[in-house]
Amino acid sequence: MTTAYVLINCELGSEEKVFSELKLINKIKETREVFGAYDIITKIEASSAEIIKDIIATKIRGMERVRSTLTLMGSEKEQN
């Protein structure tokens, strides 16, 4: 299982709309509004990095009110 955290900047005032749309994406396991440099952080889990990259490129970045993203991809190393 591959995990990625995506930090999202939205257009001003559109955080609730983007948050609601993110909740509809199948592989997204957790979504939270945050304060600071980013508006939303979301956790994606999928069987491969390619699936995660596709979700980010087509579904998240494709949202009308998303201005930018920063992705933190988990390592494939075995966890203890």
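Preceding block: the structure.
Calculation rules
- Residues numbered from 1 in each chain as written.
- Predicted model: local features only at pLDDT ≥ 70, side-chain atom pairs only at ≥ 80, totals over all residues.
- Heavy atoms only, no water.
- Patch = residues over 30% accessible without salt bridge, like charges linked within 9 Å, V, L, I, M, F, W, Y side chains within 5 Å.
- Areas by Shrake-Rupley, 256 points an atom, 1.4 Å probe, with all protein chains shown as cover.
- Salt bridge = Lys/Arg side-chain N within 4 Å of Asp/Glu carboxyl O.
- Helix = DSSP H or I, 4+ residues; strand = E, 2+ residues; numbered from the N terminus.
- Expected span 1.5 Å × (residues − 1).
- Buried < 20%, exposed > 50% of the residue type's maximum accessible area, 1.4 Å probe, protein only.
- Arc of directions from axis to C-beta.
- Contact = heavy atoms within 4.5 Å.
- Pairing = 2+ DSSP bridges.

**Q** So, a nonpolar patch on the surface: which residues are in play, and what are the values?
**A** On the surface, Tyr5, Leu70 and Leu72 cluster together to form a nonpolar patch covering roughly 250 Å² of accessible area. Inspection of the secondary structure puts Leu72 in strand β4 (residues 66–73).

**Q** Quick one: what's the story with helix α2 (residues 49–60), residue by residue and with numbers?
**A** Over its 12 residues, α2 extends 15 Å from the first C-alpha to the last, a length consistent with the 16 Å expected when each residue adds 1.5 Å. Along α2, the residues classified as buried are Ile52, Ile55, Ile56 and Ile60. All buried residues of α2 fall inside an arc of 95 degrees around its axis, so they share one side. Close packing links the buried residues of α2 with β1 (2–10), α1 (15–22), β2 (28–33), β3 (40–46) and β4.

**Q** Got a sec to walk through the pairing of β1? Specific residues and values, please.
**A** Judged by how many residues are buried, β1 sits mostly within the fold: 7 of 9 residues are covered. Two elements, β1 and β3, share 7 bridges in a ladder whose sense is antiparallel. Among the inter-strand pairings, Thr3 is bridged to a residue of β3, identified as Glu45. Sheet topology places β1 next to β4; 7 bridges connect them, and they run antiparallel.

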